[in-house]
Amino acid sequence: MQAIVVTDQAAGRPGMQLVERPEPEVAINDVIVEVHASAMTGDELSWPSTWTDRAGRDRTPSIPGHELAGIVTAIGYGTTGLSVGQRVFGLTDWYRDGTLAEYVAVEARNLAPLPADVDFTDGAALVMPGLTAWQGLFDHGRLRAGQTVLVHGAAGVVGSMAAQLARAAGAYVIGTGRASGRQAALDFGAQEYVDLEKDKLQDVGNVDLVFDIFGGDIANQSTGLIKPGGTLVTIAGPIDGRPANGSVIDFVVVADPNQLNEVVQRFREGRLRTNTGNISSLRDAVATYNSAQVSGKTILRVRP
Ligand SMILES: NC(=O)c1ccc[n+]([C@@H]2O[C@H](COP(=O)([O-])OP(=O)(O)OC[C@H]3O[C@@H](n4cnc5c(N)ncnc54)[C@H](OP(=O)(O)O)[C@@H]3O)[C@@H](O)[C@H]2O)c1
């Protein structure tokens, strides 16, 4: 099969190559998915899981990308809940070969059925931002109607999903980002916008929840905005700051079929939009990933 591989961490994205790789074999509890659309997260090539297995052993050449939509072509022994020919979408294991390929082996529990009326491109675009925003807002952030949430990077891939889901849950949503992101953030549901290059974060007032994607200074400053009992959730790794009377949770998104069902249902009903940028083929993927990035998720349409 054709796949994008990386072999040299120092080479970054220019080190990505389109090569022939053996098709994955089906193992216990796995399915093989014929990938129709897939995606990777921007800084995935800096994650240790791209380069080593769980025991720290070199696993290169490795195939990046962990978001996919496709069709099940084989089922491993003991695998239940999915069938050959079924349309699926989901998030694959960080430590295994990924989705920038024609086929991928993935545990069935990482996948949810993709309804027939949802295009593979949209399915792939919903996975990572949908799960991350859902888990940050509701599992970790415990967001409730009537609360105020500050969503950093609200025009970006994850932030735009968080803004939409938070608004739909009845929260008051304040988005942040660059001046150029204002209109997009408002269109995705933010009711106010903070231009981080010009406005003062402190002027926002107190909030129940901060959904952080930046880490560093912005996240640390944001801890000062948290109301007593409130939370800052971050997807950028551990931060130093702590709210005076609140908590900080850094988390990494996990696969969750029920949450994928929730997200795709909202998409079908027109209550949730994807934030898609470039759409490329597997053949053009390396060039696309090495060209100037447009905003929104880059989706590889692996099969036309
Ligand atoms: N822990 C997890 O489970 C998890 C899951 C998913 C993603 N992530 C991480 O989350 C981060 C965000 O991902 P994403 O896909 O949402 O990225 P993205 O689409 O690039 O969104 C980032 C947004 O923030 C804006 N921005 C960036 N730097 C800024 C700055 N200094 N000041 C103001 N605005 C700024 C960007 O504007 P421009 O486009 O104009 O730069 C963009 O609108 C990435 O680091 C990703 O790896 C973590």
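Quantities reported herein were computed from a predicted structural model and do not represent experimental measurements. (Residues numbered from 1 in each chain as written. Predicted model: local features only at pLDDT ≥ 70, side-chain atom pairs only at ≥ 80, totals over all residues.)

Visitor: Summarise the nonpolar core; cite the residues concerned and give the values.
Guide: If you look at the biggest cluster of nonpolar residues, it comprises 87 residues, and the most contacted ones within it are Val33, Phe89, Ala124, Val149, Val151, Ala162 and Ala166. With 10 residues, the top contributor of residues to this core is helix α1 (residues 120–140). Looking at which domains feed residues into this core, each of domain 1 (2–114 + 274–301) and domain 2 (129–250) supplies at least three. Phenylalanine 89 has contacts with Leu68, Ala69, Leu111, Ala112, Leu114, Gly123, Ala124, Val127 and Leu260, leaving out every residue within four places of it along the chain. (Core = buried A, V, L, I, M, F, W, Y, C linked by C-beta atoms within 7 Å. Buried ≥ 20, exposed ≤ 12 C-beta atoms within 10 Å, placed from the backbone. Helix = DSSP H or I, 4+ residues; strand = E, 2+ residues; numbered from the N terminus. Domains from an automatic or database assignment. Contact = placed C-beta atoms within 7 Å.)

Visitor: Explain the domain arrangement of the protein to me, using residue names and the numbers behind them.
Guide: As assigned here, the protein comprises domain 1 (2–114 + 274–301) and domain 2 (129–250). Summarising the inter-unit geometry, the C-alpha centres of domain 1 and domain 2 are found 29 Å apart. Listed per partner, the contact involves 5 residues of domain 1 and 5 residues of domain 2. Split into classes, the residues belonging to the side of domain 1 that touches domain 2 amount to 1 nonpolar, 3 polar and 1 charged. (Nonpolar A, V, L, I, M, F, W, Y, C, P; charged D, E, K, R; others polar.)

Visitor: So, the packing of α1 against helix α5 (residues 257–268): which residues are in play, and what are the values?
Guide: Packing of α1 against α5 brings their axes to within 9 Å, and their N-to-C directions diverge by 120 degrees. With respect to α5, the axis of α1 lies oblique. Considering only the axes of α1 and α5, their crossing is right-handed. Judged by residue contacts, Asp122, Leu126, Val127, Gly130, Leu131 and Trp134 of α1 engage Gln259, Leu260, Glu262, Val263, Val264 and Phe267 from α5. Within the contact of α1 with α5, the residues separate by chemical class into 8 nonpolar, 2 polar and 2 charged. (Axes fitted to C-alpha atoms, helices over the stretch in contact; angles between N-to-C directions. Parallel < 35°, antiparallel > 145°, perpendicular 65-115°, else oblique. Left-handed = near helix turned anticlockwise from the far one by under 90°.)

Visitor: Lay out the sheet that holds strand β8 (residues 148–151) with the relevant residues and their values.
Guide: Taking strand neighbours across the sheet as the criterion, the 6 strands line up as β10-β9-β8-β11-β12-β13 in an open arrangement whose pairing is parallel. Edge strands, defined here as strands with exactly one partner in the open sheet, are β10 (192–195) and β13 (247–250). Neighbour-to-neighbour, the strand axes of this sheet turn through a mean angle of 15 degrees, independent of strand direction. With 4 bridges connecting them, strand β9 (residues 172–177) and β10 associate as parallel partners. Across the sheet, glycine 177 pairs through a bridge with aspartate 195, a residue of β10. (Pairing = 2+ DSSP bridges.)

Visitor: So what about the pairing of β8? Which residues, and what values?
Guide: Burial of the side chains of β8 extends over both faces: Thr148 and Leu150 are buried on one face and Val149 and Val151 on the other. In terms of strand pairing, β8 meets β9 through 4 bridges, oriented parallel. Of the residues in β9, the one forming a bridge with valine 151 is glycine 175. Regarding topology, helix α2 (residues 157–168) serves as the crossover connection from β8 to the parallel β9, and that connection is right-handed. (Right-handed = clockwise from strand over helix to strand, strands pointing away.)

Visitor: How would you summarise unusual backbone geometry if you had to cite specific residues and measurements?
Guide: In the segment running from threonine 60 into proline 61, the intervening peptide bond is cis, with an omega of 0 degrees. Among the secondary structure elements, proline 61 is positioned in the loop between β3 (30–39) and β4 (67–75). Even without glycine at this site, asparagine 29 takes up a positive phi of about 70 degrees. In this structure, asparagine 29 sits in the loop between β2 (17–20) and β3.

Visitor: Help me get a handle on the packing of α1 against α2, residues and values and all.
Guide: Their axes nearest at 8 Å, the elements α1 and α2 cross at an angle of 55 degrees. The orientation of α1 with respect to α2, classified from their angle, is oblique. As α1 runs across α2, the sense of the crossing is right-handed. Note on element contacts: α2 touches α1 through Val157, Val158, Met161, Ala162, Leu165 and Ala166, opposite Pro129, Gly130, Thr132, Ala133, Trp134, Gly136 and Leu137. In the contact of α1 with α2, the residues fall into 10 nonpolar, 3 polar and no charged.

Visitor: Describe the site of the ligand, with residues and values.
Guide: Close to the ligand lie 22 residues; Gly153, Gly156, Val157, Val158 and Ile235 are nearest. Counting residues per element, the ones that place at least two in the shell around the ligand are α1 and α2. Per element, the largest residue contribution to the shell around the ligand is 3 residues, and it comes from α2. Looking at side-chain class alone, the shell around the ligand contains 10 nonpolar, 10 polar and 2 charged residues. (Near = placed C-beta within 6 Å.)

Visitor: So what about the UniProt feature "domain: Enoyl reductase (ER)" (unreviewed entry) in the protein? Which residues, and what values?
Guide: According to UniProt, the "domain: Enoyl reductase (ER)" (unreviewed entry) feature falls on residues 12–300. Helix and strand shares over residues 12–300 are 22% and 27% respectively, and the end C-alpha atoms of the span are 19 Å apart. (UniProt positions renumbered as here; feature names shortened; annotations may be inferred.)

Visitor: Describe the environment of serine 222, listing the residues and the values that go with them.
Guide: Among the structural elements, serine 222 can be located in helix α4 (residues 216–222). Classification of serine 222 as buried rests on a count of 26 C-beta atoms within 10 Å. Residues serine 222 and aspartate 139, spaced 83 residues apart in sequence, show a C-alpha to C-alpha distance of 20 Å. What serine 222 contacts, discounting residues up to four positions off in sequence, is Leu150, Leu201, Val210, Asp212 and Leu232.

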